[in-house]
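Now for the letters of each chain:
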Amino acid sequence: MEVQQIPLSEIQLDPTQPRKSFCEKRLQLLSENIAEMGVLQPITVMPSEKGHVIVMGERRFRASKMAKLQTIPCIVREFDKDTKSEVQIVENLQREDVEPLEEAEAILFLAGKYSPVEIGKRIGRTPKFVHSRLKLAQLSEHFKPFVKNGDMPLITAVQLATMPLDEQEQLHELLGGRFDKWHVESFLKNQSQDLANAPFDPSDKELYPSAGACTTCPFNSANTGNLFGDDKHICTKNPCFRAKSELFLKRILEDCKKENILVVAEHSDYAKDWEDNVHFRSLLQSQGLNEYYHMDSVRIIRKPEQPTMEKLLAEYPNYEWEEGEAESDLNKLLEQYSEDLARYEAAIEEGCRTAILMDTNTFKYKSVLVALREKKTGTTDNTEDVSKKKMDECTDAEKILKIEQRAERKEQIERNKEFVELYDAVKDGDYATQTKALSKEEMTAFCITLYENFISWHKKKLLKNFYPKMKNTSPEQLTAKFQEGFDKKKFHQMARILIQSNLHFGENNHDNNMTNHSFYKAVMPFHKETFQTIESEYADRKKLRLERTKERIDQLKD
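Everything in this summary refers to the structure shown in the same document. Along each chain, the written sequence defines residue order, and numbers are assigned to residues from 1. Side-chain atom pairs in this predicted model are given and counted only at pLDDT of 80 or more, local residue features only at pLDDT of at least 70, and totals for whole chains, interfaces and linings cover all residues. Side-chain measures were taken over the full set of non-hydrogen atoms in the model, leaving aside hydrogen atoms and water.

1. Focus: the packing of aromatic side chains
Link 1 in the chain: The criterion for an aromatic pair is that two Phe, Tyr or Trp rings (for Trp, the six-membered ring) have centres within 6.5 Å, with stacked assigned to planes under 30 degrees apart, edge-to-face to planes over 60 apart and tilted to the rest. Counted under the stated rule, the structure contains 10 aromatic pairs.
Link 2 in the chain: Ring centres of Phe 248 and Tyr 365 lie 6.4 Å apart, and the angle between their planes is 25°; on these two criteria the pair is classed as stacked. Of this pair, Phe 248 sits in helix H11 (residues 238–259) while Tyr 365 sits in strand S12 (residues 365–372), and the two are 117 residues apart along the sequence.
Link 3 in the chain: For every residue, the accessible area obtained with a 1.4 Å probe (protein chains only) is divided by the maximum for its type, and the residue is called buried under 20%, exposed over 50%, and partly exposed between those limits. Owing to a relative accessible area of 35%, Tyr 365 belongs among the partly exposed residues under this scheme.
Link 4 in the chain: Taken together through their ring pairs, the aromatic side chains of Phe 419, Tyr 423, Phe 505 and Phe 519 make up a single cluster.
Link 5 in the chain: Looking at Arg 122, its charged tip hangs above the ring of Tyr 114, at a distance of 4.1 Å from the centre.
Link 6 in the chain: Two conditions define a charge sitting above a ring: the NZ of Lys or the CZ of Arg must be within 6 Å of the ring centre, and it must be within 35 degrees of the ring normal. One Lys or Arg, Arg 496, reaches over the ring of Tyr 431 and ends 5.7 Å from the middle of that ring. In this text, helices come from DSSP runs of H or I with a minimum length of four residues, and strands from runs of E with a minimum of two, each type numbered from the N-terminal end.

2. Topic: the pattern of salt bridges
Link 1 in the chain: We define a salt bridge as a contact between a side-chain nitrogen of Lys or Arg and a carboxyl oxygen of Asp or Glu at a distance within 4 Å. Taken as a whole, this structure holds 21 salt bridges when the rule is applied.
Link 2 in the chain: In this structure, the salt-bridge partner of Arg 62 is Glu 58, at a minimum N-O distance of 2.8 Å. Within this pair, Arg 62 and its partner Glu 58 are both found in helix H2 (residues 58–66), separated by four residues, close to a single helical turn.
Link 3 in the chain: Lys 410 is the salt-bridge partner of Glu 414, the closest N and O atoms lying 3.8 Å from each other. Placement of the pair is Glu 414 and Lys 410 together in helix H16 (residues 396–427), with a separation of four residues, close to one helical turn.
Link 4 in the chain: Among the residues examined, Glu 414 registers a relative accessible area of 3% and is labelled buried.
Link 5 in the chain: By relative accessible area, which is 29% here, Lys 410 ends up partly exposed.

3. Some thoughts on the nonpolar core
Link 1 in the chain: As used in this record, nonpolar core signifies buried Ala, Val, Leu, Ile, Met, Phe, Trp, Tyr and Cys residues forming a set joined through side-chain atoms within 4.5 Å. With 22 residues, the main nonpolar core has Phe 200, Leu 249, Leu 253, Val 263, Phe 280 and Met 358 as its most contacted residues.
Link 2 in the chain: Those elements that place two or more of their residues in this core are H11, strand S8 (262–265), helix H12 (275–286) and strand S11 (353–358).
Link 3 in the chain: Residues within four places of Leu 253 in sequence aside, it is in contact with Val 263, Leu 283, Leu 284, Gln 287 and Leu 289.
Link 4 in the chain: Judged by nonpolar contacts, the second largest core, of 21 residues, contains Ala 425, Leu 438, Phe 446 and Ile 534. The criterion used for residue contact is that any of the two residues' heavy atoms lie within 4.5 Å.

4. Examining the state of the cysteines
Link 1 in the chain: When the sulfur atoms of two cysteines come within 2.5 Å, that pair is taken as a disulfide. Throughout the structure, instances matching the rule amount to zero disulfides.
Link 2 in the chain: Just so you know, Cys 235 is unpaired, no disulfide at all, and the nearest cysteine sulfur is the one on Cys 240, 5.9 Å from it.
Link 3 in the chain: The exposure class of Cys 235 is buried, given its relative accessible area of 9%.

5. Section: the sheet that holds S12
Link 1 in the chain: Pairing is mixed in the open sheet, where five strands are placed in the order S9-S8-S11-S12-S10. The two strands at the open ends of the sheet, each matched to only one other strand, are strand S9 (292–293) and strand S10 (298–301).
Link 2 in the chain: As paired elements, S8 and S9 share two bridges and run parallel to each other. Looking at S9, one finds that Ala 265 is bridged to Tyr 293. The pairing criterion for strands is at least two bridges between them, as found by DSSP.

6. Description of unusual backbone geometry
Link 1 in the chain: Although it is not a glycine, Lys 68 adopts a positive phi angle of roughly 65°.
Link 2 in the chain: If you trace the backbone, Lys 68 turns up in the loop between H2 and strand S5 (71–76).
Link 3 in the chain: Using a relative accessible area of 68% as the deciding quantity, one classes Lys 68 as exposed.
Link 4 in the chain: A positive phi angle, close to 60°, is found at Asn 260, a residue other than glycine.
Link 5 in the chain: By the element assignment, Asn 260 lies in the loop between H11 and S8.

7. Here we look at the side chain of Lys 399
Link 1 in the chain: Turning to its location among the elements, Lys 399 is positioned in helix H16.
Link 2 in the chain: Just so you know, the count uses Lys and Arg for positive and Asp and Glu for negative, and it drops His and the chain ends. Notably, Lys 399 is buried but unbridged: the nearest opposite-charge side chain belongs to Asp 396, and the N-O separation is 4.4 Å.
Link 3 in the chain: If sequence neighbours within four positions are ignored, Lys 399 has contacts with Met 391, Cys 394 and Leu 556.

8. Some words on the packing of helix H5 (residues 116–123) against helix H6 (residues 127–136)
Link 1 in the chain: Fitted lines through C-alpha atoms give the axes, limited to the stretch in contact for helices. The angle between two N-to-C directions lies from 0 to 180 degrees. At their nearest, the axes of H5 and H6 sit 8 Å apart, and the two run at 105° to each other. Regarding the angle of H5 to H6, the classification is roughly perpendicular. Facing H5, whose interface residues are Pro 116, Val 117, Ile 119 and Gly 120, H6 presents Pro 127, Val 130, His 131 and Leu 134.
Link 2 in the chain: Only Asp, Glu, Lys and Arg are considered charged in this grouping, and only Ala, Val, Leu, Ile, Met, Phe, Trp, Tyr, Cys and Pro are considered nonpolar; every other residue, Gly among them, is considered polar. When its residues are assigned to classes, the contact of H5 with H6 shows six nonpolar, two polar and no charged. Reported orientations rely on four angle classes, namely roughly parallel under 35 degrees, roughly antiparallel over 145, roughly perpendicular from 65 to 115, and oblique for the rest.

9. Describing the packing of helix H8 (residues 154–161) against helix H10 (residues 181–191)
Link 1 in the chain: Where H8 contacts H10, the two axes come as close as 10 Å, and the packing angle between them is 45°. By the criterion of interaxial angle, the relationship of H8 to H10 is oblique. When you trace H8 past H10, the crossing you get is left-handed. Across the interface between the two elements, Thr 156, Gln 159 and Leu 160 from H8 touch Val 184, Glu 185, Phe 187 and Leu 188 from H10. Crossing handedness is defined as follows: a turn of the near helix away from the far one that is anticlockwise and smaller than a right angle gives a left-handed crossing, while the clockwise case is right-handed.

10. Some remarks on the environment of Thr 549
Link 1 in the chain: With respect to the secondary-structure elements, Thr 549 resides in helix H21 (residues 528–557).
Link 2 in the chain: Judged by relative accessible area, Thr 549 falls into the buried class, the value being 16%.
Link 3 in the chain: On a C-alpha basis, the gap between Thr 549 and Ile 403 in space is 7.2 Å, while along the polypeptide they are 146 residues apart.
Link 4 in the chain: The contacts of Thr 549, once residues within four sequence positions are left out, are Ile 403 and Ala 407.

Read these as geometric descriptors, not functional statements.
Laid out in structure tokens, this is it:
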């Protein structure tokens with residue numbers, strides 16, 4: 001086509017041009033190059049009422065103006081509106097420095113005409129990339145500035161964009177218009193579910209007929225370009241996942257009732273009134289099943305797992321085995337397995353019941369044998385008697401005692417849950433990978449942790465990179481091996497792993513347990529803002545709870 005030299009003054013920018021951002025430094029470099037070498041590649045323009053409008057080459061045009069050129073080489077072509085937009089979009093998408101949100105909007109435009117595979121071919125990208133940008137285009141306008149300024153990682157933005165727009169808006173309102181990476185990632189963790197961890201079979205289309213199988217569902221990330229990574233099947237429709245989980249649980253409970261199989265909750269009796277467990281209890285009651293609790297109501301007898309050479313070698317990947325040593329160890333394990341299996345089979349003959357051990361959060365379960373524990377009788381504790389009474393059966397004095405007991409118990413539960421949230425904030429952060437020198441509080445926490453939680457066999461796997469397995473060696477040899485290549489940086493990392501991994505939950509929190517309190521004081525400087533947010537929320541809940549308790553007690557005193 002003929003190249004024409006057209007005055008810059010006769011060329012206008014296209015207000016509908018999909019490219020909105022230009023790097024000033026790169027423009028300056030290009031203008032200096034143009035001032036020296038001229039414009040080597042013509043821009044493309046189309047006729048307009050006021051002269052010409054740029055179709056492709058706006059960056060070269062801007063740089064030419066900065067270089068004080070009077071004319072620029074142009075190819076003049078006619079375009080209809082749709083063709084012009086498509087040409088501009090494809091041309092922009094083929095650049096290397098496209099701003100992701102602009103890229104997303106451009107690909108969304110093309111999706112009106114072409115499939116993701118066809119779009120990928122036109123712009124030189126994979127279908128997975130195209131799917132990812134199509135999702136990004138659904139990100140709420142309120143969060144887009146955080147992507148542009150770099151506060152929100154692109155992968156987080158794509159994951160957030162998989163959520164319904166109204167939920168994104170609610171999250172933005174909750175955050176008060178600011179971006180908090182920890183809160184956003186916690187939200188995403190609660191709103192999406194890894195189907196690899198589902199209690200039900202994702203390919204079961206009969207479990208929830210109106211939803212069908214997860215394997216073909218459009219809310220499965222594997223069916224929309226593997227947004228969360230290759231071979232990752234992530235459900236982005238949490239209500240459907242929870243509905244399927246509950247339907248699965250009901251199916252399991254019905255089967256247990258038919259087969260006379262006990263259902264044992266994988267938590268102690270003290271946790272039965274926690275919010276997460278109350279619903280599980282109601283489902284048990286609806287099926288006429290009794291409540292049993294691990295370590296309280298029953299003694300669990302698990303079927304031993306047969307050891308194999310493959311499992312043995314996988315357990316100690318860094319150990320250098322001597323000739324015949326692995327075979328010898330495996331034979332010992334097989335002997336132990338035979339003894340354990342004999343005890344397991346004897347338990348069946350002795351009348352132990354068949355049961356399932358159920359995780360009440362995930363609804364995953366394991367088949368086990370159980371021996372029922374005898375209930376304690378003959379208690380004379382008046383407090384216990386009051387706790388067993390219904391509220392309308394109590395005197396006013398007993399009601400006050402009952403309310404105070406419940407308030408005290410709720411306070412304990414809230415502090416326990418608060419500590420779990422504080423710990424999760426640390427676990428999900430980068431505390432354990434810090435290499436800076438330990439603070440006085442961290443060293444104190446480390447010493448207390450070692451004192452109260454000496455390293456047992458099942459904790460050593462946490463330190464497998466620092467404490468390699470060595471058999472038949474003296475403490476002196478172990479110490480020498482451990483010190484090889486050891487430096488302060490590794491010590492700091494190891495200490496933080498130990499501090500983070502030896503905490504106490506359940507009835508313990510950062511007020512009533514020394515280890516937990518020292519951990520709390522040690523990690524506070526690393527997560528100060530996040531801790532303040534969590535603690536503020538729990539403080540508000542405590543204030544409201546105390547007001548309600550006082551109001552109920554005052555009514556009874558009047």
